[in-house]
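Architecture and fold: a report
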Amino acid sequence: MKRILLGTLLALPFAISSLPSQASAAEIIIKPNFHKPVVAARYQRKLIPAHWETVRRGNKWIKIRVPARYVNVRV
């Protein structure tokens, strides 16, 4: 009888420590921090010599020289 009681008392701490818990699972998870290199966007200035105007029958592409404008276009 004493052997059975002594065996259960010795085995009880091992049985409790083998049960999974949230704290032990949180320690196992490893998240590597990978950062992608940031590449600056390149833009090129492009001359737009016309614009759209709304007329009676819809929109019309009007080509004029004076109010031409530059627009940044991604290369």
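Please read these numbers as outputs of a predicted model, since none were measured by experiment.

Considerations on the overall build of the protein
- A count of helices and strands for the protein gives 2 helices and 4 strands.
- For the protein, the succession of helices and strands along the chain, N to C, is α-α-β-β-β-β.
- Residues counted as buried form 3% of the 75 residues belonging to the protein.
- Across the protein, the fraction of contacts at a sequence separation of at least 24, relative to all contacts at a separation of at least 6, is 42%.
- Element-wise, carbon and sulfur atoms account for 62% of the exposed surface of the protein, whose accessible area totals about 8,300 Å².

Here we look at the pairing of strand E2 (residues 50-55)
- As defined by bridge partners, E2 adjoins strand E3 (residues 58-63) across 6 bridges and the pair is classed as antiparallel. Looking at the pairing, Thr-54 lines up with Asn-59 of E3.

Concerning helix H1 (residues 2-18)
- Spanning 17 residues, H1 covers 25 Å between terminal C-alpha atoms, matching the ideal 24 Å at 1.5 Å per step.
- In H1, a bend of some 30° at Ala-11 exceeds every other bend along the element, and Pro-13, a proline, comes one to four places later.
- Among the 17 residues that make up H1, 0 are buried, leaving the element largely open to the surroundings.

Regarding the confidence of the model for the protein
- Mean pLDDT for the protein: 79, with 85% of residues reaching 70 or above.
- Taken element by element, the protein is modelled with least confidence in helix H2 (residues 22-28), mean pLDDT 59, and with most confidence in strand E1 (residues 43-48), mean pLDDT 89.

Quick notes on the rules
- Residues numbered from 1 in each chain as written.
- Predicted model: local features only at pLDDT ≥ 70, side-chain atom pairs only at ≥ 80, totals over all residues.
- Heavy atoms only, no water.
- Helix = DSSP H or I, 4+ residues; strand = E, 2+ residues; numbered from the N terminus.
- Buried < 20%, exposed > 50% of the residue type's maximum accessible area, 1.4 Å probe, protein only.
- Contact = heavy atoms within 4.5 Å.
- Areas by Shrake-Rupley, 256 points an atom, 1.4 Å probe, with all protein chains shown as cover.
- Pairing = 2+ DSSP bridges.
- Expected span 1.5 Å × (residues − 1).
- Bend = angle between axes of the 7 residues up to and from the residue.
- pLDDT = per-residue confidence, 0-100.

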